[in-house]
Amino acid sequence: MIIDAHNHPDWYGYNVERFLENMAKYNIDKTWLISWECPKDEYNPLYNKSVPDHGPNGPISFERCVAYAEKYPDKFILGYAPDPRRPDAIDKLSHAIDLYGVRIYGEIKLRMMYDNPDAIRLFRFCGEKGLPVIVHIDYEFENPSRYPRPNWWYGGGIGSFERAVAACPETIFLGHAPGFWAHISGDDQFDKVAYPTGKVEPGGKVTEMLRKYPNLYCDISAGSGANAFKRDPEHAKDFILEFQDRILYARDYFDNIHQEVLNSLDLPEPVLSKIYSENALKLVPLSV
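Just so you know, these numbers come straight off a predicted model, no measurement behind them. (Residues numbered from 1 in each chain as written. Predicted model: local features only at pLDDT ≥ 70, side-chain atom pairs only at ≥ 80, totals over all residues. Heavy atoms only, no water.)

Moving on, we come to helix 2 (residues 62-71). Residues of helix 2 that are buried: F62, C65, V66, Y68 and A69. Axial view of helix 2: buried residues confined to an arc of 165°, hence all on one face. Opposite the buried face of helix 2, at more than 90 degrees from it, the exposed residues are E63, E70 and K71. On its buried face, helix 2 sits against helix 1 (16-25), strand 2 (30-33), strand 3 (76-78) and helix 3 (89-100). (Buried < 20%, exposed > 50% of the residue type's maximum accessible area, 1.4 Å probe, protein only. Helix = DSSP H or I, 4+ residues; strand = E, 2+ residues; numbered from the N terminus. Arc of directions from axis to C-beta. Contact = heavy atoms within 4.5 Å.)

Ranked by size, the top nonpolar core spans 83 residues in total, and within it F123, F229 and F239 carry the most contacts. If sequence neighbours within four positions are ignored, F229 has contacts with W181, I184, I220, A236, F239, I240, V261 and L262. Within the second largest apolar cluster, 14 residues are counted, among which are W32, I134, Y217 and L248. (Core = buried A, V, L, I, M, F, W, Y, C linked by side-chain atoms within 4.5 Å.)

Closest axis-to-axis distance for the helix 3/helix 4 (residues 117-129) pair is 10 Å, and the angle between their directions is 20°. By the angle class used here, helix 3 and helix 4 are roughly parallel. Of the two elements, helix 3 crosses helix 4, and the hand of that crossing is right-handed. Residues A89, I90, L93, S94 and I97 of helix 3 touch helix 4, and the partners they reach there are R121, L122, F125, C126 and K129. (Axes fitted to C-alpha atoms, helices over the stretch in contact; angles between N-to-C directions. Parallel < 35°, antiparallel > 145°, perpendicular 65-115°, else oblique. Left-handed = near helix turned anticlockwise from the far one by under 90°.)

Once that is clear, we can look at the pairing of strand 6 (residues 173-176). The two faces of strand 6 match: F173 and G175 on one face and L174 and H176 on the other face are all buried. With 4 bridges connecting them, strand 5 (residues 133-136) and strand 6 associate as parallel partners. Considered in strand 6, the bridge of V135 is made with G175. At this point the chain moves from strand 5, through helix 5 (residues 157-167), to the parallel strand 6, and the crossover so formed is right-handed. Taken together, the 3 bridges between strand 6 and strand 7 (residues 216-219) define a ladder with parallel strand orientation. Within strand 7, the residue paired with L174 across the bridge is Y217. (Pairing = 2+ DSSP bridges. Right-handed = clockwise from strand over helix to strand, strands pointing away.)

What follows is the structure in structure tokens.
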């Protein structure tokens, strides 16, 4: 079995029919389908061409996730991440769990510190309900434009994220995106380029945190996850073998780069099975 633990409805022109065809092409059995709720002035307007049907609360609405899951409940597992800065966030999530069977809090991708007290309160609620939390981190890189924002940072960096992970030991977190995966290396590229290159150096914060916090897992989706392994395949294999019980296959897109990278590393079949589905099933079983 293969489970894609990170993807979105209507993403980059993939409606539900194209989505299912793509899953079949790459032998993906199920997908964690997650929202992105975010104020309009906190995300790049270029996403308008990638997700034309924006909801009032952000570029990837929970309503579209529900529409997919209700039509194909055997293919999609629902995720939802209301903005924790909103006073009704926990109530909205609670109702979504009860009404629609939401199983994942994801993804949170906001211009806020992830150890914000409102976020901590919501993350602890997720721990009580057994929902893993998918976290997107980006550092501050300047853009040519000034409005609506001169940059697209999310989460406040690895330090803010670590404080959240430490404050919520009963909550499972999945680290994701450039601001997380750049820290697989102990070099100083993380706040200078989105996709660092070169051999991975010792002292990476991701490795340190995985050894320290058993509630931290890894979402390998998007270019950032693939790049973290491709930049140094020898290190990637050692990293995966050490943390094989806490790495989840995920895409955040519709190509096959992550399977290609994983399958190139000569990993034992039991390890690949964990990454492709067993770890996801451990966090979100198919039946409850």
